[in-house]
Amino acid sequence: MKAVAVDLDALGDTRPLWRDFLDDAARRFAAISPLEPATLPEDRGAAAAELDRWAEAGVGDWRGALERFAEDRAPVYLRPSAEASAALRGLAAGGITVGVFTDAPEPLARVALSHLGAERRVEALETGEGARERLVARLGDDVVVAATLDDLATIKVDG
């Protein structure tokens, strides 16, 4: 194994933060352009494409709003995991390249990685639709995928 591709939500569940951002954005921008969060696709990459179309209706930079929202509220939603941190340290010590993938938009992913204390151990990040496939291709052969914290915690470094 040369690399590990980790689902961001294995490090910390970002979905509640995402849902609350959507609710906040729908309230804040209702007068400009209505948004019904419940009608957005569950896949956040596909939802981002819908939000891009919504932004064209005059809402503006929803990604910047997401980044500010996430920075302000990450401590409420995301707690660093000792188990995840130990696993990432072990991989780094073993010379394993760590990449993270998520269907979440990049601003949310970057804030989450930083808040979870994982940013400095992650060498590659892919976000949006098809992120997992892009990351696996980017990391090359001999990649292990960790979709959950249990998957991450059970990875053994050779040597």
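Predicted model only: the values in this text are computed from it and were never measured.

Novice: Sorry if this is basic, but what is going on with the overall build of the protein chain here?
Specialist: Helix and strand counts for the protein chain stand at eight helices and four strands. For the protein chain, the sequential pattern of α-helices and β-strands runs β-α-α-α-α-α-β-α-β-α-β-α. For 159 residues, the compact-globule estimate of 2.2 N^0.38 gives 15 Å, and the protein chain sits close to it at 17 Å. For the protein chain, the spread of C-alpha atoms along the principal axes amounts to about 60 × 30 × 20 Å. The buried share among the 159 residues of the protein chain stands at 46%. A sequence separation of at least 24 residues applies to 76% of the contacts in the protein chain between residues at least 6 apart.

Novice: Any chance you could explain the sheet that holds strand E1 (residues 3-7) here in plain terms?
Specialist: Strand pairing within a sheet occurs via backbone hydrogen bonds; the two strands may be parallel or antiparallel. Spatially, the four strands line up as an open sheet ordered E3-E2-E1-E4, and their pairing is parallel. In this open sheet, the two edge strands, each paired with only one partner strand, are strand E3 (124-127) and strand E4 (143-146). Pairwise comparison of adjacent strand axes, ignoring direction, gives a mean angle of 20° for this sheet. Relative to E4, E1 runs parallel, the two being bridged by four bridges. In the strand pairing of E4, alanine 3 is matched with valine 143. Its contacts with the sheet place helix H6 (residues 106-115) against strand E2 (97-102) and E3, and it is angled at close to 140° to E3. Strand contacts of helix H7 (residues 131-139): E1, E2, E3 and E4, with the helix running at about 150° to E3, the strand carrying the most contacts.

What counts, and where the lines are drawn
- Residues numbered from 1 in each chain as written.
- Predicted model: local features only at pLDDT ≥ 70, side-chain atom pairs only at ≥ 80, totals over all residues.
- Heavy atoms only, no water.
- Helix = DSSP H or I, 4+ residues; strand = E, 2+ residues; numbered from the N terminus.
- Rg over C-alpha atoms; globule rule 2.2 N^0.38 Å.
- Buried < 20%, exposed > 50% of the residue type's maximum accessible area, 1.4 Å probe, protein only.
- Contact = heavy atoms within 4.5 Å.
- Pairing = 2+ DSSP bridges.
- Axes fitted to C-alpha atoms, helices over the stretch in contact; angles between N-to-C directions.

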